[in-house]
Amino acid sequence: MTPPRASMSDVARLAGVSGQTVSRVANGSLNVSPETRQRVLEAMDSVGYTPNTAARALRSGSFDTIGVIAHRLARTGESSIVEAVVQAARGAGHTVTLLDIDSTEHEDVAEAASRLSHQAIDGLIIIRAEIEDAGRLALPAGLPVVVTDATFGGRLPMVGADHAGGARAAVEHLLGLGHPTVHHVAGPEDSIPARARLQVSRQVLEEHGITAPEPLRGDWSAASGRAAGEELLTRSDATAVFCANDEMAAGLMRAWSEAGREIPRDLSVVGFDDIPLAGYLTPPLTTVRQPFAAVGRRLVEELLARIAGTVPAAALEGSGEQAELVPCELVVRGSTAAPRA
């Protein structure tokens, strides 16, 4: 005969805790001390207890699981936001099921959403899928969805970093130091954040009566930044440059160092993202800090509110969904200074 299935009560009795504490540990909640969590986990292992997620979902109407679709997860922004989403979901007692898609075609995103919806998720977060034709995207009916992707144009609730504000702060900082113009190393043309940073950098220069120099183009990698730096060495008016991310800024700084030029004496450099390495470059990199943790947390909070049906009515009124932009922060370090006389 099959032995009876171990219950939550068995675990609670062995661990000397309440059933509610066992439930919190089983759901991955952080609201349990490490010592108690370890004791409960050991009791689960001792009695052979496995949480019955299907039964729990039938009782509560919730799977306590969030689906996440990401595009090019190897990139700094995407991976950092996913990490923040996972942490925020765990803190709310939810797990995350992740799909990293290779293509931004709307059919591929729709297929990924459909696959996730059949894997018992309560809601979906789409992280910068950068879909060219978001209007044709078909998502599972009734599934709460929140995005970080501006291409959805008010069709879905959006939470993202204020890339335009961050780019403006970077260029204004360099102009404020007295540089006559600011060159730009842009990211890939198919990247929405890259396009926003390029557009605003040109716009700020035009507002100051300055004709924007022709942008250099990179692919987010340090190698492409190094190539851009070598090209920038040929431009006689180059005293300041705003790079669309920190990796490209690091590669550019390497190119100028190898050419015998000094940062910031010969060239002031600003990056974007504030990756952990930025403060340890030589000199430390002035950069725009992206609020990855705050964006991830707000994505989860917004999605859980929609799953629970607690979104204020005012937020649902009007012709389209509202976009929430989390401010970026300029972090001034040693890679920027006034131009040489």
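Report follows, based on the coordinates. (Residues numbered from 1 in each chain as written. Predicted model: local features only at pLDDT ≥ 70, side-chain atom pairs only at ≥ 80, totals over all residues. Heavy atoms only, no water.)

## Remarks on the environment of His 173
- Locating His 173 in the fold gives a position in helix H7 (residues 163-176).
- For His 173 and Val 332, which are 159 residues apart along the polypeptide, the C-alpha to C-alpha distance reads 8.9 Å.
- Those residues in contact with His 173 that lie beyond four places of it in its chain are Val 270, Thr 286, Leu 330, Val 332 and Thr 336. (Helix = DSSP H or I, 4+ residues; strand = E, 2+ residues; numbered from the N terminus. Contact = heavy atoms within 4.5 Å.)

## What about the pairing of strand E8 (residues 240-243)?
- Burial of the side chains of E8 extends over both faces: Ala 240 and Phe 242 are buried on one face and Val 241 and Cys 243 on the other.
- In terms of strand pairing, strand E6 (residues 183-186) meets E8 through 3 bridges, oriented parallel. Each bridged residue has a counterpart across the sheet, and for His 184 the counterpart in E8 is Phe 242.
- Pairing of E8 with strand E9 (residues 268-273), which is carried by 3 bridges, proceeds in the parallel orientation. Pairing of Phe 242 across the sheet is with Val 270, part of E9.
- Crossover E8 to E9 through helix H10 (residues 246-258) is right-handed. (Buried < 20%, exposed > 50% of the residue type's maximum accessible area, 1.4 Å probe, protein only. Pairing = 2+ DSSP bridges. Right-handed = clockwise from strand over helix to strand, strands pointing away.)

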